Amino acid sequence: MKINFNQLDRGYQKFKDEYNQAAINVLESGWYIMGDHGIKFEKEFARFTGSKYCVGLNSGLDALILAFRALDIGAGDEVIVPANTYIASVLGITENRATPIFIEPDEFYNLDACKIEEKITNRTKAILVVHLYGQAANMVNIKEIANRYNLYLIEDCAQSHGAKFGEKTTGSWGDIGCFSFYPTKNIGAFGDGGAIVTDNEQVYEKMKMLRNYGSKVKYKNEILGVNSRLDEIQAALLSVKLGHYDELRLERAEIAHKYLSGITTHKVELPMIRDYAEHVWHLFVIRIDNRESFQTYLLEKGITTQVHYPIPPHLSEAYQYLGHKLGDYPITEEYANTMISLPLYEGMTDEEIEYVIDTINGYRG
């Protein structure tokens, strides 16, 4: 049996007729940028996250970059960020010439709230929380710290669409929530896409200008902006997927539950879920020693896996200038060396799930 890490076409097939009709509607409308479909999706997504406002953007990275820009965070400022995140989170900071201050993760792979205060200085302006792999971070404690030190709180929700901590959805806890709609995300487009959500009307109005050359009115440029707009076709397709999200979230949860209950080998460390946190299973990540041997074994059995993420940002060539070295963040580095993501996608069959489970349980390496 051959099982790919992801199978995006199966998600398309689920609601093929609706997706096709949505795209045709946009094509026939004759309006492809900043139109009614984008406005409709922004309202739907704001409501979905429990926020007042949403601004559709070109990508999740643009959402992060423009979030810091909208808050006037830049050169000389420091931003606390998880050490074990994808580099895009950090790029949002450094593209604004601010300095990332890395914090080790907890056992749930999210920012360890207990380690934040020791890194706060008089240059600290914000905390960037990343709800990694789909599990909400410890938002009650993190928000309390942000409030006590008068820091902006920005959420990277690229992997946590719809996840809650307590009764609040990720993206609605902080000043700005940043989302990616990359095709593999739980709410994924059929190309690049992103958005921010906020309850702050001033941030909302500024973000709309930033994404559109710095203007509210064509040719009247009030601030320095960029071109970062969610196009009408992607917005229409995302509205279709958002309308089915409860069904899709349940499907991912059922696959994850089968993995959690079915994988019994002592060689594998399964993910844990924090009290009061929801996990929407963007990725199902396990830990194992001798990862390369295990990954080769699965590939020989027809199962493709991925590693998220093998090189932590502080050890990347791009951030050599920050002066970090191997051993500075040992928990992050251990996770980077032992974590591996299993196949989990819309339309995955029971037979495929059982095959992955049985194959893992049969590993003797």
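Now for a quick tour of the structure. The residue numbering used here restarts from 1 in each chain and proceeds along that chain's sequence as written. pLDDT decides what is reported in this predicted model: residues at 70 or higher carry local features, side-chain atom pairs at 80 or more are listed and counted, and totals for whole chains, interfaces and linings draw on all residues regardless. Excluded from the side-chain calculations are hydrogens and water; all other atoms, namely the structure's heavy atoms, are used.

1. Brief notes about helix H8 (residues 232-243)
Stated formally: For helices the rule is a DSSP run of H or I covering at least 4 residues; for strands it is a run of E covering at least 2, with both sets numbered from the N terminus onward. Take the residue count of a helix, subtract one, and multiply by 1.5 Å to get its expected span. Three exposure classes are used, based on accessible area relative to the maximum for each residue type with a 1.4 Å probe and protein chains only: buried under 20%, partly exposed in between, and exposed over 50%. Only heavy atoms enter the contact rule, under which two residues are in contact if any of them lie within 4.5 Å. Throughout this description, a polar contact denotes any pair of N or O atoms lying within 3.5 Å of each other; where both atoms belong to protein, one of them has to be capable of donating a hydrogen while the other can accept it, and for residues adjacent in sequence the pair is counted only when both atoms sit in side chains.
Helix length check: H8, at 12 residues, gives a terminal C-alpha distance of 17 Å against a target of 16 Å (1.5 Å per residue), a fit within 8%. For H8, the buried fraction is high: 10 of the 12 residues fall into the buried class. Taken together, the buried positions of H8 are occupied by Glu-232, Gln-234, Ala-235, Ala-236, Leu-237, Leu-238, Ser-239, Val-240, Lys-241 and Leu-242. If you follow the buried residues of H8, they end up packed against helix H2 (16-29), helix H3 (36-49) and helix H9 (245-262). Two or three places before Ile-233, at the start of H8, stands the capping residue Asp-231, its side-chain oxygen 3.0 Å from that residue's backbone nitrogen.

2. Notes on the packing of aromatic side chains
Counted only if it meets this: Aromatic rings from Phe, Tyr and Trp, taking only the six-membered ring of Trp, are treated as a pair when their centres fall within 6.5 Å; an angle between ring planes under 30 degrees marks them as stacked, one over 60 as edge-to-face, and anything in between as tilted.
Using the criterion set out here, one finds 21 aromatic pairs in the structure. Between Phe-41 and Phe-181, the aromatic rings sit 5.4 Å apart at their centres with planes inclined by 80°, giving edge-to-face as the arrangement. Placement of Phe-41 in helix H3 and of Phe-181 in the loop between strand E8 (176-180) and strand E9 (194-198) is noted, with a sequence separation of 140 residues between them. Grouping residues by exposure puts Phe-41 and Phe-181 together as buried. The structure contains a cluster of three or more aromatic residues connected by ring pairs, namely Phe-41, Phe-45, Phe-48, Phe-179, Phe-181 and Tyr-245.

3. A look at the pairing of strand E13 (residues 339-342)
The test is simple: Pairing between two strands requires that DSSP report at least two bridges joining them.
Burial of E13 is two-sided: the residues Met-339 and Ser-341 facing one way and the residues Ile-340 and Leu-342 facing the other way are all buried. The pairing of strand E12 (residues 284-287) with E13 spans 4 bridges and is classified as antiparallel. Its bridge partner lying in E13, Phe-284 is registered against Leu-342.

4. Description of the packing of H9 against helix H12 (residues 350-361)
Geometry of a packed helix pair, given as the angle between the helix axes and the separation of the axes. Stated formally: Only the stretch in contact is used when fitting a helix axis, every axis being a line fitted to C-alpha atoms; angles between N-to-C directions are given from 0 to 180 degrees. Small angles under 35 degrees read as roughly parallel and large ones over 145 as roughly antiparallel, with 65 to 115 read as roughly perpendicular and the rest as oblique. By convention the crossing between two helices is left-handed if the near helix lies anticlockwise of the far one by an angle smaller than a right angle, and right-handed if it lies clockwise.
Between H9 and H12, the least distance of the axes is 10 Å, while the angle of their chain directions is 25°. The angle between the axes of H9 and H12 places the two elements in the roughly parallel class. Handedness of the crossing formed by H9 with H12: right-handed. Where H9 approaches H12, its residues Ile-255, Lys-258, Tyr-259 and Gly-262 are matched on the opposing element by Asp-350, Ile-353, Val-356, Ile-357 and Asn-361.

Distances and angles like these do not, on their own, reveal function.
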